[in-house]
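Coordinates in review
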Amino acid sequence: MTKPLADVTPNTWDFLKLPMIKPTGFREYDARWKFPDEINLPGMTALGLGIGTQMRLHGLEPVIAVGNDYRDYSLSIKNALIVGLMQAGIKVKDIGPCITPMAYFSQFHLDAPAVAMVTASHNPNGWTGVKMGFQRPLTHGPDEMGELKDIVLNGKGQPHEGGMYEFVDGVWDAYMDDLVGDFKMSRKLKVVCASGNGTAAAFGPALFERLGVEMVDSHNRLDYTFPNYNPNPEAMEMLHDMSDSVKASGADFALGFDGDGDRCGVVDDEGEEIFADKVGVIMARDLAKLYPGSTFVADVKSTGLFASDPELQKYDIKADYWKTGHSHMKRRVHAIGALAGFEKSGHYFLSGDIGRGYDDGMRVAVEICKLMDRNPDMKMSDLREALPKTWSTPTMSPYCADTEKYGVLDRLVEKLVAKAEAGETLAGKAIKEVVTVNGARVILENGSWGLVRASSNTPNLVVVCESSESEAEMRAIFAEIDAVIKTEPLVGEYDQTI
């Protein structure tokens, strides 16, 4: 196998012929590049050969399920990837266009030992990537991604005979049957379904119809140009639009799905945007009654309520805070036998009796509808208001180049740890501890906290703050964390701030 080049000039003979892969596209738990600036089609074929070679190194049966999202260039990229997989002697089961959780489901449905989903998730158009996994329901983490990167970039891909291609129909129907079964709502619900014209538009409306839920349409016409907004339920632009739809329609709540359907955002009946970690606490409270003594995993960006909420403590619920990232969270839920994992970005990992352990926005929609069915006298706003009050920032992402962000983060962590060790305060409060499992989560004596970490998907840092006391304290925590961040000249502008 030819070693891929890091850079090839577009519109040249070499660009058509030689594989190009920018090394920074190999992330902690999936792969993402700008196309065609950072990877070309021969580069995608080289990646497919690498994945196939890695499958054989791990002793897997040479069978893989492959799907793609709805972006206009995803099909050609998937086909290039399939050529490489077949070159490695892999039998490819192509399930066609789909959301990422349908691809994960197909591993179980088709009994395939591996999966590769071509998607840029919620990244803007111009991005592509692959989410992949071998040991269902897990996906590649840092070790597997490091191994794959070594195989691909060092030309270690091994061709092998036996490659085959099969298009498999019917997975959409099987997936929808698996989600809903014979469940029907017993209470009337009117729900805004928002997909931002992304791939989830082919799933959400049909799901609500099967559940017996009245749907209010919000940008559910498939359109890969994303004419209204980028489908990302963590972005305030999408949440505000969902809020407007709720207020205009009188809906009970809104559910919004990201570009590849593995995340879900929630807006309540009053138009209040409920960040996903708080939705997680609402779900955890409901599940705690059904499954007392359970463990819930929350990522380090999430609210402290998983550990401090008296309602959860009443049912002997254990909270486990872990690394942000869908692969990290899936692995942790699986490793410790947790009932569910909740991530502030809107990834939910429902396991045991309520899911297969992978992140699925559609599964979350079903479980939220079931939750509302079990609480027929409650509105979503009632469930929100019943939570202990905290004040949280949205997820904020200042620019920091992929080649620089981890070095910058290391220095920021050092500075924040030193601040704590010197007995300094943050927002006028003593620092109780600095958790460094994933960046630095600075926890104050009253349970309020501020976090800075590196994004695994984009050239950014990630900042989140929460106060258990007031909006003023939340803003003060952010101001002081931001002041430390500003000591690093390689950090640029935020995508959004408070």
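The residue numbers shown here count from 1 along each chain, following its written sequence. In keeping with the model being predicted, local features are shown solely for residues with a pLDDT of at least 70 and side-chain atom pairs are shown and tallied solely at 80 or more, while totals for entire chains, interfaces and linings include all residues. With hydrogens and water set aside, each side-chain value is computed from the structure's full complement of heavy atoms.

In the annotation of an unreviewed UniProt entry, the entry for the chain reads Phosphomannomutase/phosphoglucomutase, and the organism field reads Thalassovita autumnalis. UniProt positions are given in the numbering used here, feature names are shortened, and annotations may be inferred rather than shown by experiment. As its UniProt record puts it under Cofactor (unreviewed entry), the chain is described as follows: "Mg(2+)". Here is the UniProt Sequence similarities (unreviewed entry) comment for the chain, exactly as written: "Belongs to the phosphohexose mutase family."

Of regular secondary structure, the chain possesses 16 helices and 21 strands. Taking 23 Å as the expected radius of gyration for a compact globule of 498 residues, we find that the chain reaches 22 Å, a close match to that expectation. Counting only C-alpha atoms and orienting by the principal axes, one finds that the chain spans roughly 60 × 55 × 40 Å. Taken over 498 residues, the chain has a buried fraction of 61%. With an accessible surface of roughly 18,400 Å², the chain has 50% of that area assigned to carbon and sulfur atoms. A run of H or I in DSSP becomes a helix once it reaches four residues, and a run of E becomes a strand once it reaches two; helices and strands are each numbered from the N terminus. C-alpha atoms define the radius of gyration, and 2.2 Å times the number of residues to the power 0.38 defines the globule rule. Throughout this description, buried means an accessible area under 20% of the type-specific maximum (1.4 Å probe, protein chains only), exposed means over 50%, and partly exposed covers the range between. Residue-level accessible areas treat just the shown protein chains as cover; the underlying method is Shrake-Rupley with a 1.4 Å probe.

This part is about unusual backbone geometry. Between Phe35 and the following residue, Pro36, the backbone shows a cis peptide bond with an omega angle of 5°. Tracing the chain through its elements places Pro36 in the loop between strand S1 (31-34) and helix H2 (41-57). Arg136 connects to Pro137 through a cis peptide bond whose omega is 5°. Looking at the element boundaries, Pro137 is found in the loop between strand S5 (127-133) and helix H5 (142-153).

Before going further, it helps to spend a moment on the state of the cysteines. As used here, a disulfide is simply a covalent bond connecting the sulfur atoms of two cysteines. Any cysteine sulfur atom paired with another within 2.5 Å is treated as part of a disulfide. Within the structure shown, the criterion is met by 0 disulfides. Cys369 takes part in no disulfide bond, and the closest cysteine sulfur, belonging to Cys264, lies 9.2 Å away. Cysteine Cys465 is unpaired, with the sulfur of Cys400 as its nearest cysteine sulfur at 17 Å. The class for Cys465 is buried, based on a relative accessible area of 0%.

A word on the nonpolar core. Here, nonpolar core means buried Ala, Val, Leu, Ile, Met, Phe, Trp, Tyr and Cys residues that are tied together by side-chain atoms lying within 4.5 Å of each other. Membership of the largest hydrophobic core comes to 68 residues, with the highest contact counts inside it found for Phe208 and Leu255. By the convention used here, residues are in contact when the closest approach between their heavy atoms is within 4.5 Å. With residues up to four places along the chain from it excluded, the contact list for Leu255 reads Val191, Val192, Cys193, Ala194, Phe208, Met242, Cys264, Gly265, Val266, Ala365 and Ile368. Counting residues in hydrophobic clusters, the runner-up holds 34 residues, among them Met44, Leu47, Val66 and Val130.

For helix H7 (residues 204-211), every residue scored as buried is listed here: Gly204, Leu207, Phe208 and Leu211. Around the axis of H7, the buried residues are gathered within 95° of arc, so they sit on the same side. Those residues of H7 hidden inside the fold are in contact with helix H6 (171-180), strand S7 (190-194), strand S8 (214-218), strand S9 (253-257) and helix H13 (361-374). Looking one or two places after H7, you find Gly212, whose phi comes out positive at around 80°. By construction, the arc corresponds to the directions joining the helix axis to the C-beta atoms.

Let us look at the sheet that holds strand S20 (residues 449-454). Should DSSP find at least two bridges between two strands, the strands are regarded as paired. Read across the sheet, 6 strands follow the order S16-S21-S20-S19-S18-S17 without closing on themselves; strand pairing throughout is antiparallel. Edge positions in the sheet fall to strand S16 (391-392) and strand S17 (425-426), since each of these pairs with one other strand and no more. Two strands pair when backbone bridges link them, and S20 and strand S21 (residues 461-467) are joined in this way by 6 bridges, in the antiparallel orientation. Bridging across to S21, Val452 finds its partner in Val463. Here an axis means a line fitted to C-alpha atoms, over the contact stretch when the element is a helix, while the angle between two N-to-C directions is reported on a 0 to 180 degree scale. Set on the sheet, helix H16 (residues 471-485) makes contact with S16, S17, strand S18 (429-435), strand S19 (440-444), S20 and S21; between it and S21 the angle comes to about 150°.

Where helix H9 (residues 276-290) contacts H13, the two axes come as close as 11 Å, and the packing angle between them is 60°. The orientation of H9 relative to H13 falls into the category oblique. At the point where H9 passes H13, the crossing takes the left-handed sense. Note on element contacts: H13 touches H9 through Val364, Glu367, Ile368, Leu371 and Arg374, opposite Val279, Ile282, Met283, Asp286, Leu287 and Leu290. Under the grouping applied here, Gly and all other residues not named as nonpolar or charged are polar, the nonpolar ones being Ala, Val, Leu, Ile, Met, Phe, Trp, Tyr, Cys and Pro and the charged ones Asp, Glu, Lys and Arg. Partitioning the contact of H9 with H13 into residue classes produces 8 nonpolar, no polar and 3 charged. Our angle categories are set so that under 35 degrees counts as roughly parallel, over 145 as roughly antiparallel, 65 to 115 as roughly perpendicular, and the remainder as oblique. A clockwise turn of the near helix away from the far one marks a right-handed crossing, whereas an anticlockwise turn of less than a right angle marks a left-handed crossing.

Only protein atoms enter the 1 Å grid used here. Points where a 1.4 Å probe fits but cannot escape make up a cavity, open sets with protein on both sides within 12 Å along at least five of seven lines make up a pocket, and a residue lines them when an atom lies within 4 Å of a point. Grid points are joined across faces, edges and corners, and a volume is the space filled by probe spheres set on the points. Inspection of every chain in the model, using the stated rule, returns 4 cavities of 30 Å³ or more. Estimates place the volume of the largest cavity at around 80 Å³. Taken together, Pro233, Glu234, Leu239, Cys264, Gly265, Val266, Ile274, Phe275, Ala276, Lys344, Ser345 and Gly346 make up the full set of residues lining the largest cavity. Take the lining of the largest cavity: its biggest share by element is 3 residues, from strand S10 (residues 264-268).

So, about the UniProt feature "domain: Alpha-D-phosphohexomutase alpha/beta/alpha" (unreviewed entry) in the chain. Under the UniProt annotation, "domain: Alpha-D-phosphohexomutase alpha/beta/alpha" (unreviewed entry) lies at residues 25-154, 173-271 and 277-389. As annotated, residues 25-154 has a helix share of 41% and a strand share of 22%, and its two end C-alpha atoms lie 15 Å apart.

Turning next to the side chain of Arg187. Relative to the elements of secondary structure, Arg187 occurs in the loop between H6 and S7. With no salt bridge to any partner, buried Arg187 finds its closest opposite charge in Asp252, at an N-O distance of 4.9 Å. Pairing of N or O atoms within 3.5 Å defines a polar contact, subject to two protein rules: one partner must be a possible hydrogen donor and the other a possible acceptor, and residues neighboring in sequence count only if both atoms are side-chain atoms. A distance of 2.9 Å separates a polar atom in the side chain of Arg187 from the backbone oxygen of Met372. Beyond its immediate chain neighbours, meaning those up to four positions away, Arg187 contacts Met372, Asp373, Asn375, Pro376 and Met378. Asp and Glu count as negative and Lys and Arg as positive, but His and the ends of the chain are not part of the count. Any Lys or Arg side-chain nitrogen found within 4 Å of a carboxyl oxygen on Asp or Glu counts as a salt bridge.

Turning our attention to H9. End to end, H9 covers 21 Å across 15 residues, agreeing with the expected 21 Å (1.5 Å per residue, within 8%). Summarising burial for H9: 13 of the 15 residues are buried, a large majority. Helix span, as expected, comes to 1.5 Å for every residue beyond the first.

A separate point is the packing of aromatic side chains. Centre distance within 6.5 Å is the pairing criterion for rings of Phe, Tyr and Trp, where only the six-membered ring of Trp is used; planes under 30 degrees apart are then read as stacked, over 60 as edge-to-face, and the remainder as tilted. According to the stated counting rule, one finds 12 aromatic pairs in the structure shown. Ring centres of Phe296 and Phe342 lie 5.7 Å apart, and the angle between their planes is 50°; this geometry places the pair in the tilted category. Here Phe296 is found in strand S12 (residues 295-299), whereas its partner Phe342 is found in strand S14 (residues 340-342), with 46 residues between them in sequence. A residue is classified by how much of its surface remains accessible, and Phe342, at 0% relative accessible area, is buried. By the ring-pair criterion, three or more aromatic residues cluster together here, those being Phe105, Trp172, Tyr175 and Phe203. Sitting over a ring, as applied to charges here, requires NZ of Lys or CZ of Arg to be within 6 Å of the ring centre and within 35 degrees of the ring normal. Across from the ring centre of Trp322, 4.0 Å away, lies the NZ or CZ of Arg332, which sits over that ring. The ring of Phe183 carries the charged tip of Lys370 above its face, separated from the ring centre by 5.3 Å.

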